[in-house]
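For reference, the chains in residue letters:
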Amino acid sequence: MQQMNHVHGDMQKIDAGPLSLRQLDVFVAVIDEGGFSAAADHLGMSQSAVSHALAALERAFGAPLIVRTPPIAATALGDAILPHARSVLASVRALRATVDVQREGLAKGMVRLAAAPTASHRLVPGLLNRWRAELPGLDIRLFEGSDDELEVWLASGAVDAAVLIDPDPIPPGSIVLARDDFRAVVRSDHPLADMKGISLAELLEDPLLASSSGCEPQITAIHAKAGIPYAPAQRVHETSTLLGMVDAGLGVAILPSLACSMLANTLVMIELEPRVERSLVFAGPSGRPWHPGVKKMRDIAEISSKNGHIEDIR
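Rules of the game
- Residues numbered from 1 in each chain as written.
- Predicted model: local features only at pLDDT ≥ 70, side-chain atom pairs only at ≥ 80, totals over all residues.
- Heavy atoms only, no water.
- Buried < 20%, exposed > 50% of the residue type's maximum accessible area, 1.4 Å probe, protein only.
- Helix = DSSP H or I, 4+ residues; strand = E, 2+ residues; numbered from the N terminus.
- Pairing = 2+ DSSP bridges.
- Phe/Tyr/Trp six-rings, centres within 6.5 Å; stacked < 30°, edge-to-face > 60°.
- Contact = heavy atoms within 4.5 Å.

### Regarding the pairing of strand E5 (residues 161-165)
Counting buried positions over the five residues of E5 gives five, a clear majority of the element. Here E5 shows no split at all, with Ala161, Val163 and Ile165 on one side and Ala162 and Leu164 on the other all buried. In terms of strand pairing, E5 meets strand E12 (residues 277-283) through four bridges, oriented antiparallel. Note that in E12 the partner of Ala162 across the bridge is Ala283.

Following this line, the structure appears as structure tokens:
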């Protein structure tokens, strides 16, 4: 409660003076890049100009937004306004791109796309090639995150589009890019490796290894449906680390079939019975108008899906 009271006190000190987009851009960049020098490089500004822009923004708000001592972090007030700053900047990017489309018929500018690691590894690269060939005016940047992070980033304006996992409901204007299913991952010399399909109960003799970077809610639900407690022996963040641990014989894992291209030749996937699928959905933000480039990316992805250029992994 003390932190919230501090934020409220800071908010009462805000001056009604003018704010600039550059100031907001600098503030967000300092947070995202982790420092003033990195933010200056990212924005193509001098470090002095970054410091002055942030100081001017802090004067307008009447309180510090950044803790200067390492590690660089937002203050309570900075945390409170950060999602609003991101949303403003995302809306301005979309506004400028809309003007470009109306004037020149060409979608231009940067589009930030977020996806989970399995989608980033196999599904997104082919789409990036098509988008870059058909939308040369767009600078599409890919960001990897966990399933939960993707929705937060999209809502806050940190990204302009995302490949969401099983959104409920599917946001308006979105499309299903692909569907895959969950499978057991074991070493190729594991006793179950030659099985075509197995039940979750058959995995209980081995330690379960899990990743917190994606799909854990679905895997937890699979256990609940089977009446088996979800109790991983190890939880790591990176999918590559998880696969390395399985390869070392430390246990077994459950991953979506999209991850098959990430497996070493010493690992195999086995279908789980009963089959549990997930949907990968290309979506823009629900709370603000879409960047016109995102709309064009969706349309190209939809045509690619209908023409069979996006694999429906079954």
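The structure having been displayed, the exposition proceeds.
### Points about the packing of aromatic side chains
What the rule picks out here adds up to one aromatic pair. Centroid distance Trp131 to Phe282: 5.8 Å. Interplanar angle 50°. Geometry classified as tilted. Separated by 151 residues along the polypeptide, Trp131 in helix H6 (residues 117-134) and Phe282 in strand E12 bring together distant segments of the chain. As far as burial versus exposure is concerned, Trp131 and Phe282 are alike and both buried.

### Quick word on the environment of Leu142
Secondary-structure assignment places Leu142 in strand E4 (residues 138-144). Taking the relative accessible area as the measure of exposure, Leu142 reaches 35% and is therefore partly exposed. The spatial distance from the C-alpha of Leu142 to the C-alpha of Val111 is 8.7 Å, given a sequence separation of 31 residues. For Leu142, the contacting residues outside a window of four places in its chain are Leu113, Ala115, Ser120, Val124 and Leu128.

### Topic: the side chain of Glu58
As for its placement among the helices and strands, Glu58 is situated in helix H4 (residues 47-61). Owing to a relative accessible area of 9%, Glu58 belongs among the buried residues under this scheme.

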